[in-house]
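Examination of the molecular architecture
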Amino acid sequence: AQSVAQPEDQVNVAEGNPLTVKCTYSVSGNPYLFWYVQYPNRGLQFLLKYITGDNLVKGSYGFEAEFNKSQTSFHLKKPSALVSDSALYFCAVRSYSSASKIIFGSGTRLSIRP
Amino acid sequence: DAGVTQSPTHLIKTRGQQVTLRCSPKSGHDTVSWYQQALGQGPQFIFQYYEEEERQRGNFPDRFSGHQFPNYSSELNVNALLLGDSALYLCASSLSGTPDTQYFGPGTRLTVL
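Model, not experiment: these values are computed from the prediction. (Residues numbered from 1 in each chain as written. Chains lettered and ligands numbered in written order. Predicted model: local features only at pLDDT ≥ 70, side-chain atom pairs only at ≥ 80, totals over all residues. Heavy atoms only, no water.)

**Some remarks on the overall build of chain A**
Definition in use: Only runs of H or I of at least four residues qualify as helices and only runs of E of at least two qualify as strands under DSSP, and these elements are numbered from the N terminus. Note on exposure labels: buried denotes an accessible area under 20% of the residue type's maximum, exposed denotes more than 50%, and partly exposed covers the range between, all computed with a 1.4 Å probe on protein chains only. Contacts between residues were defined by any pair of non-hydrogen atoms, one from each residue, lying within 4.5 Å. Accessibility throughout is a Shrake-Rupley quantity obtained with a 1.4 Å probe, and a residue counts as covered only by protein chains that appear here.
The number of helices and strands found in chain A is zero helices and 12 strands. Going from N to C terminus, chain A has its helices and strands arranged as β-β-β-β-β-β-β-β-β-β-β-β. Seen through its principal axes, chain A has C-alpha atoms that stretch 45 × 30 × 20 Å. Counting every position in chain A, which comprises 114 residues, the buried fraction comes to 47%. Sequence-distant contacts, at least 24 apart, represent 57% of the contacts inside chain A between residues at least 6 apart. Just so you have it, chain A exposes about 5,400 Å², and 48% of that area is on carbon and sulfur atoms.

Here it is as structure tokens:
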């Protein structure tokens, strides 16, 4: 069965510092991995995805994520945090054989202090 | 170009009632997925529609049903509402050829009293 774990409910970072939001996954076969962001009273916005290729994936708003197969992790990173990055972040996974069913993690609230 | 739209924005129902939520996909998209997001949790996949048929379903009871129309818009129906059905219901659209790029609507907040 597919699953995603986001071990931190909340991450607090000072503006200008690097940030990391952690995600680990479990899936049969090769994983398709995603990061989404959700602002208050808004739907989810796609940030980036990993399907194959380079383990470092670059996405929207200066975010990037690193795929690590041996650790089954897909951590979201940004070199310099902005106050406007404060939001709820979701990691998601699907298996190659299940094109429709995407499994989301429970989310991590990112808070950037000025 | 309008993105994914959902109606209504908010809805209040009582236990046992039935509800219909609506979704219009992003222009040109032919696939619609529905998710339930309970408070403090991540979205859970309910089902996906393509070519007016349910293509895959998550772990939701038969009380949850859907429909897709020829113009690709979709409805989510929930019968015999329970208190636990209170959640934000999200619709996402995509192109069948690029299923991994989903665009989400703002959601419908359903409250069951």
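So, next bit.
**Here we look at the nonpolar core**
Quick note on the threshold: Residues belong to a common nonpolar core when they are buried Ala, Val, Leu, Ile, Met, Phe, Trp, Tyr or Cys residues joined through side-chain atoms within 4.5 Å.
L19, W35, L47, L48, F74, L76 and Y89 of chain A are the most contacted members of the largest nonpolar core, which has 27 residues in total. The element that contributes the greatest number of residues to this core is strand 10 (residues 87-95) of chain A, accounting for four residues. What L76 of chain A contacts, discounting residues up to four positions off in sequence, is L19, T20, V21, W35, L47, L48, F63, E64, A65 and Y89 of chain A. Residues V32, F47, F60 and V78 of chain B belong to the second largest nonpolar core, which totals 20 residues.

**Focus: the state of the cysteines**
Residue and element names in this part refer to chain A. So the rule is basically this: Note on terminology: pairs of cysteine sulfur atoms within 2.5 Å are recorded as disulfides.
Counted according to the given criterion, the structure contains two disulfides over all chains. The disulfide partner of C23 is C91, and the gap between their sulfur atoms is 2.0 Å. Between C23 and C91, the S-S dihedral sits near -65 degrees, and the bridge is therefore left-handed. Placement of C23 in the loop between strand 3 (19-21) and strand 4 (24-26) and of C91 in strand 10 is noted, with a sequence separation of 68 residues between them.

**Observations regarding the packing of aromatic side chains**
How we decide: Aromatic pairing here means that ring centres of Phe, Tyr or Trp (its six-membered ring) are within 6.5 Å. Orientation follows from the plane angle: under 30 degrees is stacked, over 60 is edge-to-face, and everything else is tilted. Whether a charge lies above a ring is judged from NZ of Lys or CZ of Arg, which has to be within 6 Å of the ring centre and within 35 degrees of the ring normal.
One pass over the structure, following the stated rule, counts 14 aromatic pairs over all chains. Look at Y36 of chain A and F46 of chain A: their rings are 5.8 Å apart centre to centre, the planes differ by 75 degrees, and that puts the pair in the edge-to-face class. Of this pair, Y36 of chain A sits in strand 5 (residues 31-38) while F46 of chain A sits in strand 6 (residues 44-50), and the two are 10 residues apart along the sequence. Taking the relative accessible area as the measure of exposure, Y36 of chain A reaches 0% and is therefore buried. Geometrically, the ring pair formed by Y36 of chain A and F104 of chain B is edge-to-face, given 5.4 Å between the ring centres and 80 degrees between the ring planes. Of this pair, Y36 of chain A sits in strand 5 while F104 of chain B sits in strand 10 (residues 98-104), placing the two residues on different chains. Of the aromatic side chains, those joined through ring pairs into one cluster are Y36, F46, F90 and F104 of chain A together with Y35, F45 and F104 of chain B. Positioned above the aromatic ring of F63 of chain A, the side-chain terminus of K78 of chain A is 5.0 Å from the ring centre. Of note, K26 of chain B hangs over the ring of Y103 of chain B, and the distance from its end group to the ring centre comes to 5.0 Å.

**Details of the pattern of salt bridges**
Residues and elements named next belong to chain A. We count it as follows: Salt bridges are counted wherever a side-chain nitrogen of Lys or Arg sits within 4 Å of a carboxyl oxygen of Asp or Glu.
Under the definition given, this model contains six salt bridges over all chains. Note that K58 and E64 form a salt bridge whose closest N and O atoms lie 2.9 Å from each other. What makes E64 buried here is its relative accessible area of 18%.

**Quick notes on the sheet that holds strand 3 (residues 19-24) of chain B**
Residues and elements named next belong to chain B. Put simply, the test is: Two strands are counted as paired when DSSP detects at least two bridges linking them. Every angle, taken between N-to-C directions, lies between 0 and 180 degrees, and every axis is a line fitted to C-alpha atoms, over only the stretch in contact when it is a helix.
Spatial ordering of the open sheet is given by 1-3-8-7, a layout of four strands whose pairing is antiparallel. With one partner strand each, in any of the chains shown, strand 1 (5-7) and strand 7 (64-68) form the two edges of the open sheet. For this sheet, the mean inter-axis angle between neighbouring strands, taken without regard to orientation, is 20 degrees. Alignment of strand 1 against strand 3, held across three bridges, turns out to be antiparallel. Note that in strand 3 the partner of Q6 across the bridge is C23.

**Concerning the interface of chain B and chain A**
Applicable threshold: Simply put, the buried area is the total loss of 1.4 Å probe accessible area from both parts when two parts are fitted together. Polar contacts, as used here, are pairs of N or O atoms within 3.5 Å; protein pairs need one atom able to donate a hydrogen and one able to accept it. Residues neighboring in sequence count only if both atoms are side-chain atoms. When residue character is reported, Ala, Val, Leu, Ile, Met, Phe, Trp, Tyr, Cys and Pro are called nonpolar, Asp, Glu, Lys and Arg charged, and the others, Gly included, polar.
The interface of chain B with chain A comprises 21 residues on the first partner and 20 residues on the second. Summed over both partners, the interface of chain B with chain A buries about 1,600 Å², with 50% contributed by carbon and sulfur atoms. Looking at the side of chain B facing chain A, the largest losses of area belong to Q56, D100 and F104 of chain B, adding up to 35% of the total buried there. Our count for the contact surface shared by chain B and chain A stands at zero salt bridges. If you look at where chain B meets chain A, you find two residue pairs in polar contact (both at pLDDT 80 or more). The set of elements that each furnish at least two residues to the side of chain B that touches chain A consists of strand 4 (31-37), strand 5 (44-50), strand 6 (53-57), strand 9 (87-95) and strand 10 of chain B. Sorting elements by how many residues they give to the side of chain B that touches chain A places strand 10 of chain B first, with five residues. Residue classes in the side of chain B that touches chain A are distributed as eight nonpolar, 11 polar and two charged.

By themselves these figures say nothing about function.
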